[in-house]
Amino acid sequence: MNYQIAVIPGDGIGPEIVREACKVLDRVGEVYGHTFQYTEVLMGGVSIDAHGVPLTDEALETARKSDSVLLGAVGGDVGNSRWYDVAPNLRPEAGLLAIRKGLGLFANIRPAYLYNELADACPLKREIIGDGFDMVIMRELTGGLYFGERHTEEVDGVLQAVDTLVYNENEIRRIAVKAFDIAMKRKKHVTSVDKANVLDSSRLWRKVVEEVAKDYPEVTLSHMLVDNCAMQLVMNPGQFDVVLTENMFGDILSDEASMITGSIGMLSSASLNEGKFGLYEPSHGSAPDIAGKGIANPIATILSAAMMLSYSFDLDEESKAVENAVQQVLTEGYRTVDIMADGCSQVGTTQMGKLICERIHK
Ligand code: NAD
């Protein structure tokens, strides 16, 4: 098959890590007989330099016409960059909001997987880690508290602020369907997280998720209150497979879940629309402090490309081959500087990419 991928290298370490992910995709193409064609798209600081805005309409259109999007990261040194002496909607990160909105990406998926080899970086005790954990947090991205009506007013001489949490059943249904679809590719367990003991929006969430669950008899559904979930993530992370939740709860829980993996350079993510289209990017930023040094860890971006193979192209075997190659490189003791440990061999960005490519086979 032939796939068209819009590639957004972005700023800082973005171009370095995206280059390695494309090499990995090319290697997958070679081994499995696919062609990946890349069209480069400017976004972030590089787009501001070229066009005065973080994302042009043309760039968005190129992304929209592709089969999926691979993104490095955007942004510069916030305290010390000409890109930040402008209105917020003209800063590099505004490109991220614009592209997510423009492409209708409403489902954000962040896996939290603990590699045995990196268990020392996990802040949890060994007895809690047990056999490790392997979950994805699926967060609704375009509704809820962050998008509801808000205002601040003075009432009887006292300042008062209001934020509104709104969800309609269609918004809940479409993300629930995504979560169950993804659970079908995994361990077939969805934990839906809400605050149904207090919030109406959560009671509707729970009702709709239960309706969707009826179409997936193979998937086990359980419900968990968000405060309990925050505790369970650090008490028994191994219990989770797919964690489905609304925007603000997901914002907080996905950061907590990433933290317990202990290594920011390893965390992939995907944002999906109604269909198979998605934008894939590492969870970390553009790391301006190490840009151009050739030391950035490309694994988060490579694993994001692996998610693209599975979620957008249904190439599950190919995706697994990439994940296995990453696992093998770690088992053999190769590390970039951010995950370096005693007795391991330190490698740079390009060499890490090459080692992973060499281990991709049928
Ligand atoms: P960051 O994630 O870029 O960096 C935090 C720390 O982790 C730094 O010390 C960095 O060197 C290190 N790090 C990050 N990724 C790494 C990798 N792959 N390999 C090795 N080390 C890595 O976060 P920050 O410093 O808060 O933000 C830097 C810039 O990135 C800012 O402009 C911010 O707005 C932007 N940002 C962009 C995105 C995105 O594009 N999606 C996300 C977060 C932050």
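Residues numbered from 1 in each chain as written. Predicted model: local features only at pLDDT ≥ 70, side-chain atom pairs only at ≥ 80, totals over all residues. Heavy atoms only, no water.

## Here we look at a nonpolar patch on the surface
Here is step 1: Taken together, Met-231, Val-234 and Met-235 make up a surface patch of nonpolar side chains, about 270 Å² in accessible area.
Here is step 2: The topology assignment puts Met-231 in helix α8 (residues 226-235).
Here is step 3: A relative accessible area of 45% places Met-231 in the partly exposed class. (Patch = residues over 30% accessible without salt bridge, like charges linked within 9 Å, V, L, I, M, F, W, Y side chains within 5 Å. Areas by Shrake-Rupley, 256 points an atom, 1.4 Å probe, with all protein chains shown as cover. Salt bridge = Lys/Arg side-chain N within 4 Å of Asp/Glu carboxyl O. Helix = DSSP H or I, 4+ residues; strand = E, 2+ residues; numbered from the N terminus. Buried < 20%, exposed > 50% of the residue type's maximum accessible area, 1.4 Å probe, protein only.)

## Let's talk about unusual backbone geometry
Here is step 1: One non-glycine residue, Lys-188, lies in positive phi territory at about 60 degrees.
Here is step 2: For Lys-188, the position within the fold is in the loop between α6 (169-184) and β8 (189-194).
Here is step 3: For Ala-287, which is not glycine, the phi dihedral falls at a positive 40 degrees.

## Regarding the environment of Ser-202
Here is step 1: With respect to the element layout, Ser-202 can be found in helix α7 (residues 200-213).
Here is step 2: With relative accessibility at 4%, the residue Ser-202 sits in the buried group.
Here is step 3: Remark: the alpha-carbon pair of Ser-202 and Glu-246, spanning 44 residues in sequence, is separated by 8.7 Å.
Here is step 4: With residues near it in sequence (within four places) discarded, Ser-202 still touches Asp-194, Lys-195, Ala-196 and Phe-249. (Contact = heavy atoms within 4.5 Å.)

## Some details on the side chain of Asn-273
Here is step 1: Relative to the helices and strands, Asn-273 is located in the loop between β11 (268-272) and β12 (278-282).
Here is step 2: Take Asn-273: its relative accessible area is 17%, and that puts it in the buried class.
Here is step 3: A polar contact is formed between the side chain of Asn-273 and the backbone nitrogen of Gly-275, at a distance of 2.7 Å.
Here is step 4: What Asn-273 contacts, discounting residues up to four positions off in sequence, is Leu-103, Gly-104, Leu-105, Phe-106 and Lys-178. (Polar contact = N/O pair within 3.5 Å; in protein donor to acceptor, adjacent residues only side chain to side chain.)

## A closer look at the nonpolar core
Here is step 1: By size, the foremost hydrophobic cluster in this structure holds 66 residues, and its most contacted members are Leu-70, Ile-109, Leu-244, Tyr-311, Ile-356 and Ile-360.
Here is step 2: At 9 residues, helix α10 (residues 299-311) tops the list of elements feeding residues into this core.
Here is step 3: In contact with Leu-70, other than residues within four places in its own chain, are Ile-5, Ala-6, Val-7, Ile-8, Val-18, Ala-21, Cys-22, Tyr-280, Thr-301, Ala-305 and Met-308.
Here is step 4: Among the nonpolar cores identified, the runner-up in size contains 20 residues, and Phe-133, Met-135, Met-224 and Leu-253 belong to it. (Core = buried A, V, L, I, M, F, W, Y, C linked by side-chain atoms within 4.5 Å.)

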